[in-house]
Amino acid sequence: MFIRFLKESMIAAVLFLAARLYLGWTWLTSGLGKITDGFNPGGFLQGAVAEPVMQGGGAAPAYPWYTAFLEHIAVPNADVFGFLVMWGEVLVGVGLIVGLFTTTAAFFGGTMNMAFLLAGTVSTNPVMLILAILILVGKGNAGSIGLDRFVPTLKEKIGRKPKEEHTSKVA
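So, here is what we can say about the structure in this document.

Parameters at a glance
- Residues numbered from 1 in each chain as written.
- Predicted model: local features only at pLDDT ≥ 70, side-chain atom pairs only at ≥ 80, totals over all residues.
- Heavy atoms only, no water.
- Helix = DSSP H or I, 4+ residues; strand = E, 2+ residues; numbered from the N terminus.
- Buried < 20%, exposed > 50% of the residue type's maximum accessible area, 1.4 Å probe, protein only.
- Expected span 1.5 Å × (residues − 1).
- Contact = heavy atoms within 4.5 Å.

**Section: the overall build of the protein**
So, step 1. Scanning the protein from terminus to terminus reveals eight helices and zero strands.
So, step 2. When the helices and strands of the protein are placed in sequence order, the string is α-α-α-α-α-α-α-α.
So, step 3. For the C-alpha atoms alone, the extent of the protein along its principal axes is close to 60 × 40 × 30 Å.
So, step 4. By residue count, 34% of the 171 residues in the protein fall in the buried class.

**Section: the environment of V80**
So, step 1. Structurally, V80 can be placed in helix α5 (residues 78–98).
So, step 2. Separated by 40 residues in the primary sequence, V80 and N40 have C-alpha atoms spaced 9.7 Å apart.

**As for α5**
Each full turn of the α-helix corresponds to 3.6 residues, which orients residues three or four apart in the same direction.
So, step 1. Helix length check: α5 (21 residues) gives 30 Å between terminal C-alpha atoms against 30 Å at 1.5 Å per residue, within 8%.
So, step 2. Buried within α5 are the following residues: A78, G82, V85, M86, G88, E89, V90, V92, G93, G95 and L96.
So, step 3. Buried residues along α5 sit against α2 (10–37), α3 (42–50), α4 (64–74), α6 (102–118) and α7 (125–138).

In structure tokens, the structure reads:
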């Protein structure tokens, strides 16, 4: 019942608009700040490797696989990851604000939130991740008050048919 509400209700669409504007603005301003300030994630990444998130009493790293990923892939390629993060934040922010490719933007925003959480940065990431998950559950309704409303018409005009809903019929 709750999922149906998220996918079909106009009230949910308005709530999604508010969540999208909050998330979009947060991502956009963060990304633009990184672009204008010359973002370099090297220090953060090295700190996340040196002091990983620890399990319960602090005896062992909670996510040794993620620490290994940071140490062997992210740190040596910090410039690439910095570029992806700052421009990813901007694109996710714009997509959410204007409501274009909303679920895609929410997915990539949630992916960044999860990466930041695994690296030990809490901040607003848990709240942002929960909102991103709700947007993903709401699917098309999350961007219905936005440019996503026009995507099926555009697909039709360029010759691609939008996905049809499959319903099972009992004979």
